[in-house]
Amino acid sequence: MLVWIDQDLCTGDGLCTDHCPELFRILEDGISYVVDPAGHALSDPGGAECTVPVGAKLERAAIDAALDCPGECIFIEAEHPPAAGGFGR
Ligand code: SF4
C-alpha cells in the first residue's frame, strides 16, 4: 500500500498526525507531508510525486487518517494493482 497527500487541499488540522505520526508530519508551513521509512518528511515537491510505502502495521491507521481527513487529500493506492479482467473471467 502507498500513501501521498495533496498539499493544495490540506487544512493543516493535524488529524492525520494524530492517527499516525509515523506516516504524517506537519511542517513549518502548517501543512502535512508524508514521512518516508527513513523518517524524512517529503516536502520537495510534495504531492503525488512524494508517495511512500505503508508497512502492514500502519495500514489501518493510514486508512483511518484518510477517512477522517477533512481535506479529503490523503490518497491511498494499492502497491500492485490487480490485473485487468480480474475475478470470475
Ligand atoms: S488530516 Fe488531511 S487536511 Fe488534516 S492535516 Fe492531515 S492531510 Fe491535512
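Located above this text is the structure these notes cover.
Description of the structure in this document.

Reading the values: the criteria
Residues numbered from 1 in each chain as written. Predicted model: local features only at pLDDT ≥ 70, side-chain atom pairs only at ≥ 80, totals over all residues. Heavy atoms only, no water. Near = heavy atom within 4 Å. Nonpolar A, V, L, I, M, F, W, Y, C, P; charged D, E, K, R; others polar. Helix = DSSP H or I, 4+ residues; strand = E, 2+ residues; numbered from the N terminus. Buried < 20%, exposed > 50% of the residue type's maximum accessible area, 1.4 Å probe, protein only. Pairing = 2+ DSSP bridges.

Turning our attention to the site of the ligand. Neighbouring the ligand are 14 residues, the closest being Cys10, Thr11, Asp13, Cys16 and Cys69. Here the residues of the shell around the ligand are counted per class, giving eight nonpolar, five polar and one charged.

Mapped onto the secondary structure, Val52 falls in strand β4 (residues 52-53). For the pair formed by Val52 and Asp36, sequence separation is 16 residues and the distance between their alpha carbons is 5.7 Å.

Here the bond from Asp44 into Pro45 is cis, since omega is 10 degrees, no more than 30 degrees from zero. In this fold, Pro45 is placed in the loop between β3 (32-34) and β4. The residue Glu72 is not glycine, and still its phi comes out positive at about 50 degrees. Owing to a relative accessible area of 63%, Glu72 belongs among the exposed residues under this scheme.

This next bit is on the sheet that holds strand β5 (residues 74-77). Taken in spatial order, the three strands make up an open sheet running β4-β1-β5, and their pairing is antiparallel. In the strand order of this sheet, the two ends are held by β4 and β5, each with one partner. Pairing of strand β1 (residues 2-5) with β4, which is carried by two bridges, proceeds in the antiparallel orientation. Residue pairing for β4: Val3 is matched across the bridge by Val52.

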